[in-house]
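Read off the chains here:
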Amino acid sequence: MPIFTEKQRVREKWLWLSLAIGTAIMLGGLLIKGFERFDFVVLAIPGFLALGFSITHLDTRIDTTGIHYRFFPFTGWRTVAWDTIRNADVRTHQVVSYGIRWDFDGWYYVLAGQWCLRIRQTNGKCLFIGTQQPDVLRQFLADLRPAVQA
């Protein structure tokens with residue numbers, strides 16, 4: 001039984017760099033003026049952001065039963081069964097933000113990059129799941145079609 005899996009993490013260097021620079025600036029300011037009673041709160045903010053970015057990931061699993069995905073820690077596993085899918089293809093998207101978002105095209109689950117798996121459902125709704133392996137996913141879907149249609 002063929003299975004495609006992908007796990008994406010936050011790897012945007014500009015995000016990590018801006019978080020590090022912001023933390024350094026805050027720490028430098030606190031060292032210059034001296035620590036006061038609630039300054040640990042100021043330092044905790046970038047720490048919580050770094051923790052959030054480090055544990056956030058997008059998991060995708062595709063098999064003969066359907067397309068499964070989760071955006072941890074914000075959603076649990078969700079499944080779109082093949083009998084509810086009209087079409088699934090790999091394409092670029094025009095999303096300028098990452099995370100979970102909705103627009104008039106449908107729901108987007110994107111963690112990085114410009115490629116996504118577009119799922120058109122039989123009820124007319126669309127779902128977009130980001131991918132960092134567009135060529136591998138495209139080939140997997142082409143190979144899986146005969147198995148799903150059987």
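All figures in this text were calculated on a predicted structure; none of them were measured in a lab. (Residues numbered from 1 in each chain as written. Predicted model: local features only at pLDDT ≥ 70, side-chain atom pairs only at ≥ 80, totals over all residues. Heavy atoms only, no water.)

A.B. asks: With reference to specific residues and values, describe the packing of aromatic side chains.
C.D. replies: For the structure shown, the criterion picks out 6 aromatic pairs. Relative to Phe 140, the ring of Phe 4 lies with its centre 5.8 Å away and its plane at 40 degrees, an arrangement referred to as tilted. One end of the pair, Phe 4, is in strand E1 (residues 4-9); the other, Phe 140, is in helix H3 (residues 134-149), with 136 residues separating them in the sequence. We note that Phe 4, like Phe 140, is buried. Positioned above the aromatic ring of Tyr 108 is the side chain of Arg 101, whose terminal nitrogen or guanidinium carbon lies 4.6 Å from the ring centre. (Phe/Tyr/Trp six-rings, centres within 6.5 Å; stacked < 30°, edge-to-face > 60°. Helix = DSSP H or I, 4+ residues; strand = E, 2+ residues; numbered from the N terminus. Buried < 20%, exposed > 50% of the residue type's maximum accessible area, 1.4 Å probe, protein only. Lys NZ or Arg CZ within 6 Å of the ring centre and 35° of its normal.)

A.B. asks: How would you sum up the nonpolar core? Please name residues and give values.
C.D. replies: Side chains of a nonpolar character, in soluble globular proteins, are inclined to be buried together. Core analysis: the biggest nonpolar cluster contains 23 residues, and Ile 62, Ile 67, Leu 117 and Ile 119 have the highest contact counts within it. Residue assignment for this core shows that the elements contributing at least two residues are strand E2 (57-63), strand E3 (66-72), strand E5 (85-92), strand E8 (115-121), strand E9 (126-130) and H3. Residue contributions to this core peak at 4 residues, all from H3. Not counting residues within four places of it along the chain, the set of residues in contact with Leu 117 comprises Ile 62, Ile 67, Ala 88, Asp 89, Leu 127, Phe 128, Ile 129, Thr 131, Leu 137 and Leu 141. Membership of the second largest hydrophobic core comes to 5 residues, among which are Tyr 108, Val 110, Cys 126 and Phe 128. (Core = buried A, V, L, I, M, F, W, Y, C linked by side-chain atoms within 4.5 Å. Contact = heavy atoms within 4.5 Å.)

A.B. asks: Give a description of the pairing of E2 that names residues and reports values.
C.D. replies: Among the 7 residues in E2, 6 count as buried, and that is most of the element. Examined bridge by bridge, E1 and E2 share 6 bridges and lie antiparallel to one another. Its bridge partner being in E2, Gln 8 is matched across the sheet by Leu 58. Relative to E3, E2 runs antiparallel, the two sharing 7 bridges. Each residue of the ladder has a partner; that of Arg 61, found in E3, is His 68. Between E2 and the antiparallel strand that follows it, E3, lie 2 residues. (Pairing = 2+ DSSP bridges.)

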